Amino acid sequence: MLIARTVAELRQHLRSFHKPAFVPTMGNLHDGHLNLMRMAKQLGDVSVASIFVNRLQFLPSEDFASYPRTFEIDCDKLRSVGCDVLFAPDEAELYPQPQTFKLQPDPALADILEGQFRPGFFTGVCTVVLKLFHSVFTHSGGIAMFGQKDFQQLLILRRMVEQLAMPVNIVAANTTRAPDGLALSSRNGYLSPEERAEAVQLSMALKQLAQAVRSAGMGHLDVAALEAAAMAGLRDRGWQPDYITVRRQHDLSPVTALSGDPLVVLGAARLGKTRLIDNLEI
Ligand code: PAF
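Conventions adopted
- Residues numbered from 1 in each chain as written.
- Predicted model: local features only at pLDDT ≥ 70, side-chain atom pairs only at ≥ 80, totals over all residues.
- Heavy atoms only, no water.
- Helix = DSSP H or I, 4+ residues; strand = E, 2+ residues; numbered from the N terminus.
- Rg over C-alpha atoms; globule rule 2.2 N^0.38 Å.
- Buried < 20%, exposed > 50% of the residue type's maximum accessible area, 1.4 Å probe, protein only.
- Contact = heavy atoms within 4.5 Å.
- Areas by Shrake-Rupley, 256 points an atom, 1.4 Å probe, with all protein chains shown as cover.
- Lys, Arg positive; Asp, Glu negative; His and termini not counted.
- Charge placed at Lys NZ, Arg CZ, Asp CG, Glu CD.
- 1 Å grid on protein atoms, 1.4 Å probe; cavity = no way out; pocket = protein on both sides within 12 Å on 5 of 7 lines; lining within 4 Å.
- Points joined across faces, edges and corners; volume = space filled by probe spheres on them.
- Nonpolar A, V, L, I, M, F, W, Y, C, P; charged D, E, K, R; others polar.
- Salt bridge = Lys/Arg side-chain N within 4 Å of Asp/Glu carboxyl O.
- Pairing = 2+ DSSP bridges.
- Axes fitted to C-alpha atoms, helices over the stretch in contact; angles between N-to-C directions.
- Disulfide = S-S within 2.5 Å.
- Expected span 1.5 Å × (residues − 1).
- Near = heavy atom within 4 Å.
- Polar contact = N/O pair within 3.5 Å; in protein donor to acceptor, adjacent residues only side chain to side chain.

A. Region of interest: the overall build of the protein. Of regular secondary structure, the protein possesses 11 helices and nine strands. Taken against the 2.2 N^0.38 rule, which gives 19 Å for 282 residues, the C-alpha radius of gyration of the protein at 19 Å falls within 12% of a compact globule. Dimensions of the protein, computed from C-alpha atoms along their principal axes, come out at roughly 60 × 40 × 35 Å. By residue count, 53% of the 282 residues in the protein fall in the buried class. At a minimum sequence separation of 6, the contacts of the protein that also span at least 24 residues come to 72%. For the protein, the accessible surface area stands at approximately 13,000 Å², while carbon and sulfur atoms represent 54% of it. Charged side chains of the protein number 28 positive and 29 negative; the gap between the two group centres comes to 2 Å.

Written out as structure tokens, the structure is:
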């Protein structure tokens, strides 16, 4: 695996390829990332990962400083799945000047759900992903892989490439889960053993809500009451939920009556100091 520390080195390594398949990450890799890498190996003529903990997408109160940085272990994991090129810039390389130009996603998508509780998060994500895409897809278009766990991020990045006519095909992979059903996340490492045992309750709550919506069929559906009951259930177990909600998949708009549109149940909740998110398509 070649490791590029600068954009120039990365471009040099990729200059003879026509279809890079790219997996952007913030490191502390888990099986979900490795599954994306395995897919990338199948889809591109060169597989590329990046590791960059992006300061722009953290609130001052969040865990930027303590976000787990496990570079050598991550490199071993990437080698084990045959990653060809790793782009691992430092901050001075990716943000040589204060990043005063930022990419502002549509507030209708970006200021709700995650964006409501983490203001500016998607501006930070879009800005860094745009820079990473410029760095990887310099000589040709290609493929970029993202996990379905970050459903809202995936939707916003799809809109970004469509509306900015980027020659990048976004491919989504199913959420990778632990045997008990917990969605894999770098932040799961913050959980104490007791919290880890409890953590699956978030996906259970989403499953129950999805089931209730499914069984309501096309009949009457009091979505707000079901969402409130799901949040109350988690609160009773000691969680602090930010949201548990049923939305339309294509634009994340709220659902008041069933119309046959594909739906998704999304949730974010804090367990102790750890904030977890998950979702389930209906
Ligand atoms: O999903 C992530 O890990 C990050 O948001 C991403 C896409 C690598 C941008 O920093």
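B. Spatial organisation of empty space enclosed by the protein. This structure, assessed with the given rule, holds one cavity of 30 Å³ or more. Quantified by volume, the largest cavity comes out at close to 50 Å³. Lining the largest cavity are Leu182, Ala183, Asn188, Ala199, Leu202, Ser203, Leu276, Ile277 and Asp278. When residues in the lining of the largest cavity are grouped by element, the largest group, three residues, is from strand β9 (residues 274–281). The residue inventory of the lining of the largest cavity, partitioned by class, reads six nonpolar, two polar and one charged.

C. A look at the pattern of salt bridges. On inspection of all chains with the given rule, the structure shows 13 salt bridges. The residue arginine 118 makes a salt bridge to glutamate 62 at a minimum N-O spacing of 2.8 Å. Here arginine 118 is found in the loop between α6 (114–117) and α7 (121–136), whereas its partner glutamate 62 is found in the loop between β3 (46–51) and α3 (71–80), with 56 residues between them in sequence. When its relative accessible area of 8% is taken as the criterion, arginine 118 is described as buried. Its salt-bridge partner being aspartate 63, residue arginine 187 comes within 3.0 Å of it at the nearest N-O pair. On the criterion of sequence distance, the pair formed by arginine 187 in the loop between β6 (168–173) and α9 (193–199) and aspartate 63 in the loop between β3 and α3 is long-range, its members being 124 residues apart. Arginine 187 sits in the buried class, given a relative accessible area of 16%. Salt bridges sharing common partners tie together Glu114, Asp242 and Arg275.

D. Representation of the sheet that holds strand β8 (residues 263–271) in the model. One open sheet accounts for three strands, arranged β7-β8-β9; its pairing is antiparallel. The two strands at the open ends of the sheet, each matched to only one other strand, are β7 (240–248) and β9. The mean inter-strand angle of the sheet, taken between neighbouring strand axes irrespective of direction, is 10°. Relative to β8, β7 runs antiparallel, the two being bridged by eight bridges. By the bridge assignment, arginine 248 is partnered in β8 with leucine 263. Across the face of the sheet, helix α10 (residues 201–216) comes into contact with β7, β8 and β9 while running at roughly 30° to β9.

E. Representation of the state of the cysteines in the model. With the rule as written, the count across this model stands at zero disulfides. Free cysteine: cysteine 75, not disulfide-bonded; nearest cysteine sulfur from cysteine 83 at 8.9 Å. Exposure remark for cysteine 75: the relative accessible area of 1% places this residue in the buried category. Residue cysteine 83 is classed as buried on the basis of its relative accessible area, which comes to 4%.

F. How the structure looks around the environment of asparagine 188. With respect to the element layout, asparagine 188 can be found in the loop between β6 and α9. Through-space distance from the C-alpha of asparagine 188 to that of alanine 199 is 8.6 Å; in sequence the pair is 11 residues apart. Residues in contact with asparagine 188, not counting those within four places in the same chain, are Leu182, Ala183 and Leu276.

G. How the structure looks around helix α8 (residues 151–163). Taking 1.5 Å per residue, 13 residues should reach 18 Å; α8 reaches 18 Å between its end C-alpha atoms and fits that length. If you check which residues of α8 are buried, you get Phe151, Gln152, Gln153, Leu154, Leu155, Ile156, Leu157, Met160 and Val161. Positive phi shows up at alanine 165, right after α8, with a value of about 50°.

H. Layout of the site of the ligand. Within the structure, the ligand sits among Pro24, Thr25, Met26, Asn54, Gln57, Val125, Val128, Phe146 and Gln153. Here glutamine 57 contributes a side-chain N or O atom positioned 2.7 Å from an oxygen atom of the ligand. In the environment of the ligand, an oxygen atom lies 2.8 Å from a nitrogen or oxygen atom belonging to the side chain of glutamine 153. Relative to its unbound accessible surface of 290 Å², the ligand loses 89% to contact with the protein. Of all the secondary structure elements, the ones that give two or more residues to the shell around the ligand are β2 (20–25) and α7. Across the shell around the ligand, the residue classes break down as five nonpolar, four polar and no charged.

This is a description of form; function is not addressed.
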